[in-house]
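# An overview of the molecular structure
Residues per chain, in single letters:
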Amino acid sequence: MKEGNDTWTADFLLSGLFPSMKYTSVLIYTILLIYLAAVTGNSALLLLIWMDVKLHIPMYFLLSQLSLVDLALISSTVPKMMTNFFSGRKNITRLACGTQIFFFFTLGGAECILLTFMAYDRYVAVCNPLRYTVIMNHAVCLQMAAVSWIGGILVSTVHTFYTMNLPICGSREIRHFFCEMPAIMKISCKDTSTYELVVFGMGIVFLFIPFGLITASYTFIFLAVLHMKSSKGRNKALTTCSSHLMVVSLYLGPCMYMYMTPGSSHSPEQEQAVSVFCTVLTPMLNPLIYSLRNKDVVGAFQKVLVRHLVIKQNT
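In this report, we go over the structure that sits alongside the text. (Residues numbered from 1 in each chain as written. Predicted model: local features only at pLDDT ≥ 70, side-chain atom pairs only at ≥ 80, totals over all residues. Heavy atoms only, no water.)

### Re the overall build of the chain
The cut-off we apply is this: Secondary structure elements are taken from DSSP: a helix is a run of H or I of four residues or more, a strand is a run of E of two residues or more, and numbering for both begins at the N terminus. With the radius of gyration taken over C-alpha atoms, the globule rule is written as 2.2 Å times the number of residues to the power 0.38.
Across its full length, the chain carries 11 helices and three strands. Along the chain direction, N to C, the helices and strands of the chain fall in the order β-α-α-α-β-α-α-α-β-α-α-α-α-α. Computed over the C-alpha atoms, the radius of gyration of the chain is 22 Å, within 12% of the 20 Å expected from 2.2 N^0.38 for a compact globule of 315 residues. For the chain, the spread of C-alpha atoms along the principal axes amounts to about 70 × 50 × 35 Å.

### Let's talk about unusual backbone geometry
Leave glycine aside and you will find that most residues have negative phi; peptide bonds, for their part, are mostly trans. If you check the backbone angles, Phe18 has positive phi at about 45° while not being a glycine. Here Phe18 is to be found in the loop between strand S1 (12-14) and helix H1 (24-51).

### Let's talk about the side chain of Ser188
We count it as follows: Note on exposure labels: buried denotes an accessible area under 20% of the residue type's maximum, exposed denotes more than 50%, and partly exposed covers the range between, all computed with a 1.4 Å probe on protein chains only. Every residue pair with non-hydrogen atoms within 4.5 Å of one another is taken to be in contact.
As for its position among the elements, Ser188 is in the loop between helix H7 (181-186) and helix H8 (193-226). With relative accessibility at 12%, the residue Ser188 sits in the buried group. Those residues in contact with Ser188 that sit more than four places away from it in its chain are Leu166, Pro167 and Ile168.

### A few points about a nonpolar patch on the surface
The test is simple: Here the term patch refers to residues with relative accessible area over 30% and no salt bridge, with like charges joined within 9 Å and nonpolar side chains (Val, Leu, Ile, Met, Phe, Trp, Tyr) within 5 Å. For every accessible area listed, the method is Shrake-Rupley and the probe measures 1.4 Å; residues are considered covered only by the protein chains on display. For this analysis, a salt bridge means a side-chain nitrogen from Lys or Arg found within 4 Å of a carboxyl oxygen belonging to Asp or Glu.
A contiguous nonpolar patch, built from Phe200, Ile204, Val205, Phe208, Ile209 and Leu213 and spanning about 520 Å² of accessible area, is present on the exposed surface. Within the secondary structure, Phe200 sits in helix H8. Given the relative accessible area of 37%, Phe200 is considered partly exposed.

### Re empty space enclosed by the protein
Under the convention used in this document: The definitions used throughout rest on a 1 Å grid laid over the protein atoms alone, on which a cavity is an enclosed set of points accommodating a 1.4 Å probe that cannot get out and a pocket is an open set flanked by protein within 12 Å on both sides along at least five of seven lines; lining residues are those having an atom within 4 Å of a point. Grid points are joined across faces, edges and corners, and a volume is the space filled by probe spheres set on the points. Ten residues, namely Ala, Val, Leu, Ile, Met, Phe, Trp, Tyr, Cys and Pro, are considered nonpolar, four, namely Asp, Glu, Lys and Arg, are considered charged, and the remaining ones, Gly among them, are considered polar.
Applying the stated criterion across every chain yields a total of two cavities of 30 Å³ or more. When its volume is computed, the largest cavity comes out at roughly 310 Å³. Looking at the largest cavity, it is lined by 23 residues, and the ones nearest its centre are Phe105, Gly108, Leu207, Cys255 and Tyr259. Secondary structure elements with two or more residues in the lining of the largest cavity: helix H4 (94-127), helix H6 (138-164), H8, helix H9 (231-259) and helix H10 (268-292). Broken down by class, the residue content of the lining of the largest cavity amounts to 16 nonpolar, six polar and one charged. Computed from the structure, the second largest cavity encloses a volume of approximately 90 Å³. Along the walls of the second largest cavity sit Met59, Tyr60, Leu63, Met118, Arg122, Tyr218, Thr240, His244, Tyr290 and Asn294, which together make up its complete lining. Of all elements in the fold, only helix H2 (58-75), H4 and H9 reach the threshold of two or more residues within the lining of the second largest cavity. Among the elements that line the lining of the second largest cavity, the one with the most residues is H2, at three residues. Its residues assigned to classes, the lining of the second largest cavity comprises six nonpolar, three polar and one charged.

### Some remarks on the state of the cysteines
Simply put, disulfide is the name for a covalent bond between the sulfur atoms of two cysteines. To keep things clear, this is the line we draw: Any two cysteine sulfur atoms lying within 2.5 Å of each other are counted as a disulfide.
A complete count under the given rule lists two disulfides for this structure. Here Cys97 connects covalently by a disulfide to Cys179, the sulfurs 2.0 Å from one another. Taking the sign of the S-S torsion, about -120° here, the bridge from Cys97 to Cys179 comes out left-handed. Here the residue Cys97 occupies a position in helix H4, and Cys179 occupies one in the loop between strand S3 (173-174) and H7, the gap between them amounting to 82 residues. We classify Cys97 as buried; its relative accessible area is 0%.

### Describing the sheet that holds strand S2 (residues 91-92)
Where we set the bar: Strand pairing is assigned whenever DSSP identifies at least 2 bridges connecting the two strands.
If you trace the three strands from one edge of the open sheet to the other, you get S2-S1-S3, paired in mixed fashion. For this open sheet the edge positions go to S2 and S3, each flanked by a neighbour on one side alone.

### What to know about the packing of aromatic side chains
The following threshold applies: Geometry of aromatic contacts follows a simple scheme: Phe, Tyr and Trp rings, the Trp one being its six-membered ring, pair when their centres are within 6.5 Å, and the pair is stacked under 30 degrees between planes, edge-to-face over 60, tilted otherwise. Both a distance and an angle decide whether a charge sits over a ring: NZ of Lys or CZ of Arg must be within 6 Å of the ring centre and within 35 degrees of the ring normal.
According to the stated counting rule, one finds 11 aromatic pairs in the structure shown. Here Tyr120 and Tyr123 contribute two aromatic rings whose centre-to-centre distance is 6.2 Å and whose plane-to-plane angle is 35°, an arrangement assigned as tilted. Of the two residues, Tyr120 and Tyr123 both sit in helix H4, three residues apart, roughly one turn of that helix. Residue Tyr120 is classed as partly exposed on the basis of its relative accessible area of 33%. With relative accessibility at 29%, the residue Tyr123 sits in the partly exposed group. Ring pairing ties together the aromatic residues Phe104, Phe105, Phe177, Phe178 and Tyr259, which thus form one cluster. The ring of Phe12 has Arg172 lying over it, and the distance from NZ or CZ to the ring centre is 4.7 Å.

### Observations concerning H1
Operational definition: Under the convention used throughout, the expected extent of a helix is 1.5 Å for every residue step, that is, one less than its residue count.
The end-to-end C-alpha distance of H1, which contains 28 residues, comes to 40 Å, matching closely the 40 Å that a straight helix rising 1.5 Å per residue would cover. Along H1, the residues classified as buried are Thr24, Ile28, Ile31, Ile34, Tyr35, Ala38, Asn42, Leu45, Leu48 and Ile49.

### A look at the pattern of salt bridges
Applying the stated criterion across every chain, the model contains two salt bridges. Put simply, Asp121 and Arg122 hold a salt bridge, and the shortest N to O gap is 2.9 Å. Assigned by exposure class, Asp121 and Arg122 land together as buried.

In structure tokens form, the structure reads like this:
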């Protein structure tokens, strides 16, 4: 087909979440509940970190940035999916599609960098505690947050520009529940094999290298923990670090599968399953993992509850 057949102003069509599934409505309502839980959990975590002075330290500042990313990430895909499902429409404008891609990669890239900085923060706290406040000062924390967001924006700009300039000669139906780059590349009439190598290269920078740095950080941490004499300090370090490792595994693992393996090896159903895991489940699980296993966060929550009950009794 000729590239000229592509109409630049025409809308795309989203097939929706697992369109061939028999009980799609059950899955949609489940995801709606997960979305509400993710918004509530991340908003509550942000509020706790802002309200409690004891949580005004580098680790929780970076955690607040992670909650902000997760809140925006799940909100960049789920509301549109819900709107299309309940309205019965499948269309998405070209501008809205480009916007989804931009925010998806900005937030995804920011999360990868942020998780790496969080691992470094724990490395300094455990392996170099006497210099922790000097190394992880307020200015450094702000620079880490800025690098995370700017890095995400830069990679997102490249992916969005390329994807939205792909010629679409046949069907404009994207076999996904949101505008996802690999799904759009599959309906393009242009050979995208060269750009798949670029995507692989980006995967090395934003997925493989962060994973390697995080692994190195935790290797040094576990070696330091083994030499700790205090069992209380050892348990606290292991609890905090295990929470972070769990989040890293939940996010980077599926992303590596999606962006560092050939697109032709993924079925649309596999791509959707991985996307649901990364963009829906992970943002909901992160605040639970960090709060339930963290005494500081649980303590801050209890203080807020007690304060609220006292105020209610006095009024």
